[in-house]
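Tertiary structure, described
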There are 2 protein chains.
Amino acid sequence: MPELRIDPISGRKVIIAEDRAGRPSDFESTESVHPPDASSCPFCAGQEQQTPNPLWEVLGESGDWQVRVIPNLYPAVSLDCNHATEENSFQTLSSQPAYGAHEVIIESPRHVQELTELAIDELAGVLLVYRDRLRHWSTAATMRHATLFKNVGYAAGASLEHIHSQLVAMPFVPEVIVREMQAAKQFYDREGICIFCRLLQKELEQGERLVSEVGPFVAFCAYAGRQPFETWILPTSHALHFHELSDDEALPLANLIQQVVSQLQTQLKPLSYNLVLHTAPFGEQLPAAYHWHLEIIPRTAQLAGFEWGAGVHINSLSPEHAAKRLRDAFI
Amino acid sequence: MPELRIDPISGRKVIIAEDRAGRPSDFESTESVHPPDASSCPFCAGQEQQTPNPLWEVLGESGDWQVRVIPNLYPAVSLDCNHATEENSFQTLSSQPAYGAHEVIIESPRHVQELTELAIDELAGVLLVYRDRLRHWSTAATMRHATLFKNVGYAAGASLEHIHSQLVAMPFVPEVIVREMQAAKQFYDREGICIFCRLLQKELEQGERLVSEVGPFVAFCAYAGRQPFETWILPTSHALHFHELSDDEALPLANLIQQVVSQLQTQLKPLSYNLVLHTAPFGEQLPAAYHWHLEIIPRTAQLAGFEWGAGVHINSLSPEHAAKRLRDAFI
């Protein structure tokens, strides 16, 4: 029997319909990768002339870069225009320049594709670059928020396979975050506690959606996950901004992320996913307003007309079954 | 320079970034279809024993069915449970049964895949079946709304290639429609006119996004389209409910839909798309509350972390360029 679930944070409706997993298909999709050789991948060490000058670099002991941040050559937003104003566009149906910064974080000089191929301290170093780039943009007067995300695999919208993430800083708070904040504020007014802290408490109590815990971080399958194996990672202590991550927290967080991706790799081959950081708007001070978290969304099913037309997702694997499979994979 | 656009109805933000169309890719995806032979496609004439008894059939002159409506064998919602109540799920994190009806409309007894392969009066007949099934559910006390949609091609989430659509009737109004209705009501209170009627007026005045017109229906590329070539079809006269379509309107509407899909076929090969009908909730009486329309969303780009994480779509072809290419294709 299909179930209707309401995401406890966003209010988003999701239908869990496991019987749909068995439906027949006339279609098959095969992804192929054309691995660039070391002389053509623009993100490999030695190919730096193919990309713009770096905005930031982390150097290793040898003096070579380990993590390199560059402007996106094909940006969705640009700093070379006026700061966008949110006027009522309906009156004019005119366009505004899309103001913002779009950066690529190249996470290794080697041609590796997955964060499980990085040493744990390399991944911890990458997380600190995320923090530092967010910290950088948090001080820009024109920016209100930045979205940091990673697309892995064709089905997740990746174009290059060399390990990288992207950061888009913008002068407005994106809708997904606005909605989550509205829910958090309403919940706090009513209950006197952060909605994410309460959710974490419930997930730890119930246990059936837990995937893994490392130090001060917990991973669980989202109660109303939109796709099979959708997994969220939260800090157990209340924290508004990812850019306030301490140096000490980077290693346990890297550990947990690697664990979760390893667990997902046992279940989905090839594994395509989006990893998205949700963090509070820059300058947000109200402690209960938000709680940063990571969403890892494996991309196994195409969104179809029902998702586009109704805004309701159909997930063919329950989060409880997904979490059990991930936990079992790790034994 | 990328542009930021705000959808005039939903308020959804979309970035138009044409330069992104040229970015390099390591990935290639090939879709293959395993065309079932006539003895294995469950939707072909002669294979009726593979599917449930029909809920509705349109018979041809020979007495054979031309359009056949059956319950979905892999439903997202079910009538075999209690009517869902929208309690606050956060307090319990418990699931509710997903109450509703999920039907498949098989649009031809022949193994054809595209609505451009139907004769025009066949497609008009299919549209009248849409109307009649919506009319049927509009009288059910438990249902508030139905979403009618068509998934064509693997990238659009189709599983079977034999031409068909789906209808999902539910006891709640889906979020996409709720948002559009809120906008329409606010606009009417302020301006004294339906927001869709005003949009239509502007699109006809400006002309640059117009694709085609047939009788009382107009097609244009959406001002803030989420994907290249996203096209909307609206009746020029204000109309709340698709289920009030007159017999006479079916033929010009079929004509316009076929024209638009033919135009899209010249630009995108293979063409995968979702066609979604947006119609007012059942029982809605306030004339200004809504204006039914069809959205045709070609599926050319994978949604990536930015779309999932920020709720902002990036479209690499401007609606004005898309509309010009569609108009030119038709000359």
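As shown above, the structure is provided for reference.
Scope of this entry: the structure provided in the associated data block. Bear in mind that the values here come from a model prediction, so they are computed numbers and not experimental data.

Points about the side chain of Lys150(B)
Residues and elements named next belong to chain B. Locating Lys 150 in the fold gives a position in strand β8 (residues 145-152). Among the polar contacts listed, one links the side chain of Lys 150 to the side chain of Glu 107, at a separation of 2.5 Å. Not counting chain neighbours up to four residues away, the residues in contact with Lys 150 comprise Glu 107, Leu 115, Tyr 130, Ile 163, His 164, Ser 165, Tyr 273, Asn 274 and Leu 275.

Some points on the interface of chain A and chain B
Chain A puts 100 residues into the contact, and the matching count from chain B is 100 residues. The partner of Glu175(B) in a salt bridge is Arg179(A), and the shortest N-O contact between them spans 2.4 Å. Between the two partners, chain A and chain B, sit 18 residue pairs in polar contact (both at pLDDT 80 or more). The element contributing the most residues to the side of chain A that touches chain B is strand β3 (residues 27-33) of chain A, with 7 residues. By residue class, the composition of the side of chain A that touches chain B is 45 nonpolar, 31 polar and 24 charged.

A look at the relation of the copies chain A and chain B
Structural alignment of chain A on chain B gives an RMSD of 0.0 Å, achieved by rotating through 180° and translating 0.0 Å along the axis. Within this description, the copies of the chain are treated as partners about a two-fold rotation axis. The position closest to the rotation axis in chain A is occupied by the C-alpha of Thr30(A), lying 2.7 Å away. Looking at chain A, 100% of its interface residues are interface residues in chain B too, so the copies touch through the same face.

Describing the environment of Asp328(B)
Residue and element names in this part refer to chain B. For Asp 328, the location among the structural elements is in helix α6 (residues 319-329). Taking the relative accessible area as the measure of exposure, Asp 328 reaches 39% and is therefore partly exposed. Residues Asp 328 and Val 211 lie 117 residues apart in sequence; the distance between their C-alpha atoms is 9.3 Å. For Asp 328, the side chain forms a polar contact with the side chain of Lys 324, separated by 2.6 Å.

A word on the packing of aromatic side chains
This model, assessed by the stated rule, comprises 10 aromatic pairs over all chains. Measuring from centroid to centroid gives 4.9 Å for Phe242(A) and Trp292(A), while their planes differ by 80°, and the two rings are edge-to-face. Residue Phe242(A) is located in the loop between β12 (231-235) and α4 (247-267), and its partner Trp292(A) is located in the loop between β13 (273-278) and β14 (293-298); the two are separated by 50 residues in the primary sequence. Take Phe242(A) and Trp292(A): they sit in the same class, and that class is buried. Seen from their ring centres, Phe217(B) and Trp292(B) are 6.0 Å apart, and the 45° between their planes marks the pair as tilted. With a gap of 75 residues between them, Phe217(B) in strand β11 (residues 217-221) and Trp292(B) in the loop between β13 (273-278) and β14 (293-298) connect regions that are remote in the sequence. Take Phe217(B) and Trp292(B): they sit in the same class, and that class is buried.

Section: the sheet that holds strand β5 (residues 65-71) of chain A
Residues and elements named next belong to chain A. Pairing within the open sheet is antiparallel, and its 10 strands lie in the order β4-β5-β7-β9-β8-β13-β14-β12-β11-β10. The sheet terminates laterally at β4 (56-59) and β10 (210-214), the two strands that pair on one side only. Across this sheet, the average inter-strand angle for adjacent strands is 15°, counted without regard to direction. Looking at chain direction, strand β8 (residues 145-152) and β13 are connected through 5 bridges and run antiparallel. The residue of β13 that forms the bridge with Phe 149 is Val 276. Set on the sheet, α4 makes contact with β10, β11 (217-221), β12, β13 and β14; between it and β10 the angle comes to about 150°.

Description of unusual backbone geometry
Residues and elements named next belong to chain A. The omega torsion across Lys 269 and Pro 270 is -5°, close enough to zero to call that bond cis. Of note, Pro 270 is situated in the loop between α4 and β13. Within the chain, Phe 229 stands out as a residue other than glycine whose phi angle is a positive 75°. If you trace the backbone, Phe 229 turns up in the loop between β11 and β12.

Looking at the pattern of salt bridges
Residue and element names in this part refer to chain A. Per the stated rule, a full pass over the model turns up 36 salt bridges over all chains. Glu 122 is the salt-bridge partner of Arg 110, the closest N and O atoms lying 2.9 Å from each other. On the criterion of sequence distance, the pair formed by Arg 110 in the loop between β7 (101-106) and α1 (120-138) and Glu 122 in helix α1 is long-range, its members being 12 residues apart. Residue Glu 122 is classed as partly exposed on the basis of its relative accessible area, which comes to 22%.

What about the packing of helix α4 (residues 247-267) of chain B against α6(B)?
Residue and element names in this part refer to chain B. Remark: α4 packs on α6, axes separated minimally by 9 Å, with the N-to-C direction vectors making an angle of 105°. Judged by the angle between their axes, α4 and α6 are roughly perpendicular. Contacts between α4 and α6 involve Gln 263, Leu 264, Thr 266 and Gln 267 on the former and, on the latter, Arg 325, Leu 326, Arg 327 and Ala 329. Across the contact of α4 with α6, the residue classes tally to 3 nonpolar, 3 polar and 2 charged.

Overview of empty space enclosed by the protein
On inspection of all chains with the given rule, the structure shows 6 cavities of 30 Å³ or more. Here the largest cavity defines a volume of roughly 720 Å³. Along its surface, the largest cavity is lined by 23 residues, and Glu175(A), His313(A), Glu175(B), Gly311(B) and His313(B) are the ones closest to its centre. For the lining of the largest cavity, the element with the most residues is helix α2 (residues 175-191) of chain A, which contributes 4 residues. Within the lining of the largest cavity, the residues separate by chemical class into 6 nonpolar, 6 polar and 11 charged. Of all elements in the fold, only α1 and β13 of chain A reach the threshold of two or more residues within the lining of the second largest cavity. Among the residues making up the lining of the second largest cavity, the classes are represented as 9 nonpolar, no polar and 1 charged.

Examining helix α2 (residues 175-191) of chain B
With 17 residues, α2(B) extends 24 Å between its outermost C-alpha atoms, agreeing within 8% with the 24 Å of an ideal straight helix rising 1.5 Å per residue. Among the residues making up α2(B), those that are buried are Val176(B), Ile177(B), Glu180(B), Met181(B), Ala183(B), Ala184(B) and Phe187(B). When α2(B) is viewed along its axis, its buried side chains cluster within an angular range of 160° and face the same direction. For α2(B), the exposed residues lying more than 90 degrees away from the buried face are Gln186(B), Asp189(B) and Arg190(B). In this structure, the buried side of α2(B) is in contact with α5 (305-310) of chain A together with β8, α3 (195-206), β13 and β14 of chain B. Downstream of α2(B) by a residue or two, Gly192(B) has a phi angle that is positive, lying close to 75°.

A short note on the environment of Val214(B)
All names here are of chain B. Take Val 214: it is sitting in strand β10 (residues 210-214). Linking Val 214 and Ile 257, residues 43 residues apart in sequence, is a C-alpha distance of 9.4 Å. Contact partners of Val 214, with chain neighbours within four places excluded, come to Pro 252, Asn 255, Leu 256 and Gln 259.

Reading guide: rules and limits
- Residues numbered from 1 in each chain as written.
- Chains lettered and ligands numbered in written order.
- Predicted model: local features only at pLDDT ≥ 70, side-chain atom pairs only at ≥ 80, totals over all residues.
- Heavy atoms only, no water.
- Helix = DSSP H or I, 4+ residues; strand = E, 2+ residues; numbered from the N terminus.
- Polar contact = N/O pair within 3.5 Å; in protein donor to acceptor, adjacent residues only side chain to side chain.
- Contact = heavy atoms within 4.5 Å.
- Salt bridge = Lys/Arg side-chain N within 4 Å of Asp/Glu carboxyl O.
- Nonpolar A, V, L, I, M, F, W, Y, C, P; charged D, E, K, R; others polar.
- Least-squares fit on C-alpha atoms with pLDDT ≥ 70 in both.
- Buried < 20%, exposed > 50% of the residue type's maximum accessible area, 1.4 Å probe, protein only.
- Phe/Tyr/Trp six-rings, centres within 6.5 Å; stacked < 30°, edge-to-face > 60°.
- Pairing = 2+ DSSP bridges.
- Axes fitted to C-alpha atoms, helices over the stretch in contact; angles between N-to-C directions.
- Parallel < 35°, antiparallel > 145°, perpendicular 65-115°, else oblique.
- 1 Å grid on protein atoms, 1.4 Å probe; cavity = no way out; pocket = protein on both sides within 12 Å on 5 of 7 lines; lining within 4 Å.
- Points joined across faces, edges and corners; volume = space filled by probe spheres on them.
- Expected span 1.5 Å × (residues − 1).
- Arc of directions from axis to C-beta.

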